[in-house]
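Coordinate inspection notes
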Amino acid sequence: MRFSRYAMSCGEVVLTAGLAAALAAVFILGRAASAAETRRSLEYAPAPADNPLKGLVPYRGDKRDRFPHSMEFSYIPYSDLVKGYEVFDWEPLECILNDVAGRGHQAVFRVYLEYPGKTGAIPEFLIRDGLKVHAYSRDDGPSSVQSQVQTPDYEDANLRRSLARFIAALGGKYDGDPRIGFITAGLLGLWGEWHTHPRTELFASKTVQREVMDAYEAAFRTTPVLLRYPADDRDPRVAANCNRGFGYHDDSFAWATLATGKKEDAWFFMARLRAAGPAAQSKWKTHPIGGEIRPEAWGRVFDERPGDARIQNFRRCVEETHVTWLMDSGMFGKERRADRISRAEEEVRRMGYEFHAPAVTIGQLQGGKLRVSLEVENRGVAPFYYDWRPEWGLLADGRPIRVFPCGGTLRGLLPGDPPRVWTDVLDLSGVAPGAYTLAVRVPNPLRGGIPIRFANASQDVATGWLALDEVRLP
């Protein structure tokens, strides 16, 4: 799960300002002397709001007619999956993953042991083996509705053993599964959010928290896992995680995100992130930031005037957190104004990555070989956290005639970094003479999944393909 921003293949270089100038001069001189190489600028256009593994995430269900999205979220009770210390029933999770994948989407999920107003999440075999359960009532939200809560004794040795074995089995079966986008660590606290407020004395000790984090780090090397609260060694309640291989999720986004400087707001996401130090503040460069728009701000956060002073500026929240995805219900209801949808799409596009190809350079066909170099930059607020492999394509009548592997990668390309240059030599021998479109794509490893679309006007000349230039073969 440790992603390096410096990982690049041999077919890729970083285009610095000086190198760009030098190459531009070479290209100009070369074109004046011969037609050996042609550098063509590519026009920018905003990428779609439903690019994969970013943007707004509704609860699971077919909401494709509501607002553009590429992921769906689900909660799962621990008892649905865990039937014994070494006995697991994966069918409920399989049902969720297959249902979501059937719509071409990827899943985000969280497993919980306690959820206000719900019972039965704690497996019966643990209770039979002596696990103590604290039952109490809790005020749930502004309406002060009383919800029943069942909090397990997190220090119980059998529960700790069960958690460690479950996480190991979960990672062994699902790490790298293309049906999954992200996992929020869950398991501990109300809703799996790593707190039991206001009954703070019932929450897991730092020792138990470290055991859960150790298990996740050992089990997941590919699929990103996100924690609720940033913390360093000085945090009094949350075990240090800033130097571990996890992202974070802010579940009160645009409500308790931006730091206010007030003591009572020290739990706000950016305040906690800064308190956890430089490692936490730079976490977004290698591990994703996700979360949930606070329910009180659903929908309204995208209005020109949200109508509640407590709702924080969405764009500023995105820019400061470098957030990639956010759970939301406001934009997925049946009643949605056109102006709100338009503003929401504009703001959601700014989340996560936005890859633009400013130019392509194509060499002269020699011996059936064609050299192509594509410049790629990130105009978003965060990198892409997976290593999806790009492909070159030769298209005719909107269909790929031949597809070639690309030596470049998008992973770790940060906003503001110099453009990367993907360079490969394509073997076109055996292709029939004629005019073709040279194109590039980044396919989704999920069958039927949404491919990455570039922020270019010539994107989707064919589904998923970015058209680069015309190539004529004699």
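Look above for the structure.
In what follows, the accompanying structure is described. Being a predicted model, the structure only gives us computed values, none of them experimental.

In this section: the packing of helix H5 (residues 157-174) against helix H6 (residues 206-219). In a packed pair of helices, the relevant descriptors are the angle between the two axes and the axis-to-axis distance. Packing of H5 against H6 brings their axes to within 8 Å, and their N-to-C directions diverge by 20°. Considering the angle they form, H5 stands roughly parallel to H6. As H5 packs across H6, the resulting crossing turns out to be right-handed. Within the contact between the two elements, H5 uses Arg160, Leu163, Ala164, Ile167, Ala168 and Gly171 and H6 uses Thr207, Val208, Glu211, Val212, Ala215, Tyr216 and Ala219. Classifying every residue of the contact of H5 with H6 gives 9 nonpolar, 2 polar and 2 charged.

Right, let's get into helix H3 (residues 91-101). Burial in H3 covers these residues: Leu93, Glu94, Ile96, Leu97, Val100 and Ala101. Along the long axis of H3, the arc covered by the buried residues comes to 160°, so they all point the same way. Buried residues along H3 sit against strand E4 (71-77), helix H2 (78-81), strand E5 (106-112), H5 and strand E8 (180-184).

Another aspect to go through is the nonpolar core. Counting residues in hydrophobic clusters, the biggest one holds 85 residues, and the most contacted among them are Leu56 and Phe166. What Phe166 contacts, discounting residues up to four positions off in sequence, is Tyr78, Leu81, Val82, Phe88, Trp90, Val111 and Leu187. In terms of nonpolar packing, the next biggest core, distinct from the first, is built from 52 residues, Tyr136, Phe355, Phe384 and Leu438 among them.

Looking at the element boundaries, Glu375 is found in strand E14 (residues 369-378). Within the structure, Glu375 has its side chain in polar contact with the side chain of Arg39 (distance 3.0 Å).

Once that is clear, we can look at the pattern of salt bridges. Under the defined criterion, the tally for this structure stands at 35 salt bridges. A salt bridge links Arg103 to Glu72, with the shortest nitrogen-to-oxygen separation between them at 2.8 Å. Linking Arg103 in the loop between H3 and E5 with Glu72 in strand E4, this pair joins segments that are 31 residues apart in sequence. Under the relative-accessibility criterion, Arg103 is labelled buried at 14%. Across the pair Asp99 and Arg103 runs a salt bridge whose closest N-O atoms are separated by 2.9 Å. Accessibility expressed as a relative area gives 27% for Asp99, which makes it partly exposed.

Looking now at the sheet that holds strand E16 (residues 399-405). If you trace the 5 strands from one edge of the open sheet to the other, you get E16-E15-E18-E20-E19, paired in antiparallel fashion. Strands with a single pairing partner mark the edges of an open sheet, and in this sheet they are E16 and strand E19 (459-462). For this sheet, the mean inter-axis angle between neighbouring strands, taken without regard to orientation, is 30°. Sheet topology note: the strand E15 (residues 391-396)/strand E18 (residues 434-441) ladder contains 5 bridges and is antiparallel. Paired with Gly393 across the strands is Ala439, a residue of E18.

On to unusual backbone geometry. With an omega of 5°, the peptide bond between His197 and Pro198 qualifies as cis. Tracing the backbone shows Pro198 in the loop between E8 and H6. Not every positive phi belongs to a glycine, and Ala254 is a case in point at roughly 70°. Within the fold, Ala254 resides in the loop between strand E10 (247-253) and helix H7 (269-275). For Ala254, a relative accessible area of 0% translates into the label buried.

Conventions and cut-offs
Residues numbered from 1 in each chain as written. Predicted model: local features only at pLDDT ≥ 70, side-chain atom pairs only at ≥ 80, totals over all residues. Heavy atoms only, no water. Axes fitted to C-alpha atoms, helices over the stretch in contact; angles between N-to-C directions. Helix = DSSP H or I, 4+ residues; strand = E, 2+ residues; numbered from the N terminus. Parallel < 35°, antiparallel > 145°, perpendicular 65-115°, else oblique. Left-handed = near helix turned anticlockwise from the far one by under 90°. Contact = heavy atoms within 4.5 Å. Nonpolar A, V, L, I, M, F, W, Y, C, P; charged D, E, K, R; others polar. Buried < 20%, exposed > 50% of the residue type's maximum accessible area, 1.4 Å probe, protein only. Arc of directions from axis to C-beta. Core = buried A, V, L, I, M, F, W, Y, C linked by side-chain atoms within 4.5 Å. Polar contact = N/O pair within 3.5 Å; in protein donor to acceptor, adjacent residues only side chain to side chain. Salt bridge = Lys/Arg side-chain N within 4 Å of Asp/Glu carboxyl O. Pairing = 2+ DSSP bridges.

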